[in-house]
Amino acid sequence: MQNKLEEIIASIDISGPVPEEGDQRQYYYIKKMRDYTAAKSQELGRNLTACTVTFGCQMNAKDSEKLAGILEACGFDVRDEENSDFLIYNTCTVRDNADQHLYGRIGRASHYKKENPEMKIAVCGCMMQEKTAVDKLHKSYPYVDLIFGTHNLYCFAEYIYEVYHSDKRVTELWESGDRIVEDLPTDRKFSWKSGVNIMYGCNNFCSYCIVPYVRGREKSREPIDILREIERLASDGVKEIMLLGQNVNSYGKTLEDPISFAELLEATTKIDGIERVRFMTSHPKDLSEDLIQCIKRNPKIARHIHLPLQSGSDRILKAMNRRYTKEQYLALAEHIRQEIPDAAITTDIIVGFPGETAEDVDETIDVVKKVGFDNAFTFIYSMRKGTPAARMEQVPEDVKKENFARLLAVVQDTAKEQAERFAGMEMSALIESVNEEDSSYVTGRLSNNMIVHVKGDPSLIGSFVPVKLDECHGFYYFGHVLDSDETRQVEL
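This is a predicted model, so every value here is computed, not measured.

### A closer look at the packing of helix α3 (residues 58-73) against helix α6 (residues 156-164)
Each packed pair of helices is defined by two parameters, the angle between the axes and the distance between the axes. Two elements in contact, α3 and α6, have axes whose closest approach is 10 Å; the angle formed by their N-to-C orientations is 50 degrees. If you check the angle between α3 and α6, you find them oblique. Crossing angle aside, the handedness with which α3 passes α6 is right-handed. Where α3 approaches α6, its residues L67, I70 and L71 are matched on the opposing element by F156, A157 and I160. Split by residue class, the contact of α3 with α6 holds six nonpolar, no polar and no charged.

What follows is the structure, encoded as structure tokens:
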């Protein structure tokens, strides 16, 4: 993949006019920046350095891999936040604490810039699609050199060039964007697994959520481009991929030749070298029977379905604009349990949505008990300006916290019960890291997304190994790698 990148850059003629659009335009600026960084590095007696700091979801993490790849292609060495010449924050705006965390980090970055006056600071991502956030950066953080949003992330190389060849702050914000630019550089965090964006944006407009306003309307990538990307990843040693979208079940609807997500998922599993496929996230209102049957018959697809509930109260679900009822959700979860008994079902739940009462939370707790979630990500409602929920009557903070504590206790008990059902089983684990607490152990992830710690050395990282689950510790297991005498055929 690196050789292909170098071939593309070598083919670009920077003595001619700037290409009008697309990846050729960005490669033009990458090549121009290479000349600049080479000259500047020679002047300084060291290489220029860069760092990408990510807030938020898996899609933001994937975007940051692209940002880092472009920086490296421009001639920067990737370093830590404090000692970088170019520092970029890729932002999230789903919850208020993410906003506050960002402002704290940018404030700290002012000290880095005093130590290195030539440092450039950039801020991009979802938060930059909100006018109030951009206005605050302009007013309170004048040392930020570059601001851009989600719709024009692919123009990053062009903006880097402008920052280094302009004496003024560069702000490039688009209200919308329907262009998908393929084949730009990327710097993967892991060599053995990778996320793959299959679509961008969201059409659901849940009343509490800012995502459709900052990410835009749904647009799907062409399946041929997705499959080619996965083929390249497989040839580069990737064994596990995660298909990413705000609502993967809506994939393909905007294409000229529509294709369902189940069809794409099926095609993905047929690519040589890919041993496991995950996806994130599904919306309960349109998770199809075709998708359930696709997962059921294909052992390469991870036994893990993340199915955000948000609330178990029909009244609150309607106010949230979720477009399903408690009974519909329960029926879907029960059907998944029947068709794919070994699948883990995880969820998201919001506590403290405007107008929520203790009785509404009781309804949510009832769903948790009936479904038996393998894990749940529980959040206290965070008001986002610009969403319909922000104009509703808010729940007092002390009430939110009291109800959150009640729900969390049930979630933890239920998840522990679900985890215990796997005790003694043999499964395949993808080893991902050395254990942080004991370096004689390595940490792996099972098909159902559960963590297991086993004795082993770093040579196992990136490999699928057969393991036996010996001891359940609530949300994770200790186990051991099966030796040749113990090993039997286990499903991925």
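Once you've had a look at it, read on.
### Examining the sheet that holds strand β7 (residues 193-197)
With parallel pairing, the three strands of this open sheet are ordered in space as β7-β10-β11. What marks the edges here is a single partner per strand, and that holds for β7 and β11 (276-280). Sheet twist, expressed as the mean angle between neighbouring strand axes with direction ignored, is 25 degrees. In this sheet, strand β10 (residues 240-244) lies alongside β7 in parallel orientation, the contact comprising five bridges. Residue pairing across strands places S194 opposite I241, the latter belonging to β10. Across the sheet, helix α9 (residues 261-269) is in contact with β10 and β11; its angle to β11 comes to roughly 155 degrees.

### Let's talk about unusual backbone geometry
Geometrically, the link from M280 to T281 is a cis peptide bond, its omega value of 10 degrees lying close to zero. Positive phi, normally seen in glycine, also occurs at N321, with a value near 60 degrees. Structurally, the position occupied by N321 is in the loop between α11 (314-320) and α12 (326-339). Residue N321 is classed as partly exposed on the basis of its relative accessible area of 30%. Backbone geometry at N449 places phi at a positive 80 degrees, although glycine is not the residue there. Structurally, the position occupied by N449 is in the loop between β16 (441-446) and β17 (451-455).

### Details of the pattern of salt bridges
In total, this model carries 31 salt bridges according to the counting rule given. A salt bridge links D135 to K131; the nearest nitrogen and oxygen atoms lie 2.7 Å apart. Of this pair, D135 and K131 are both found in helix α5 (residues 131-140), four residues apart, which corresponds to roughly one turn of the helix. Given a relative accessible area of 63%, K131 falls into the exposed group. The salt bridge partner of K400 is E397, with a shortest N-O separation of 3.1 Å. With K400 and E397 both in helix α14 (residues 397-420), this residue pair falls three residues apart, about one helical turn.

The rules we used
Residues numbered from 1 in each chain as written. Predicted model: local features only at pLDDT ≥ 70, side-chain atom pairs only at ≥ 80, totals over all residues. Heavy atoms only, no water. Axes fitted to C-alpha atoms, helices over the stretch in contact; angles between N-to-C directions. Helix = DSSP H or I, 4+ residues; strand = E, 2+ residues; numbered from the N terminus. Parallel < 35°, antiparallel > 145°, perpendicular 65-115°, else oblique. Left-handed = near helix turned anticlockwise from the far one by under 90°. Contact = heavy atoms within 4.5 Å. Nonpolar A, V, L, I, M, F, W, Y, C, P; charged D, E, K, R; others polar. Pairing = 2+ DSSP bridges. Buried < 20%, exposed > 50% of the residue type's maximum accessible area, 1.4 Å probe, protein only. Salt bridge = Lys/Arg side-chain N within 4 Å of Asp/Glu carboxyl O.

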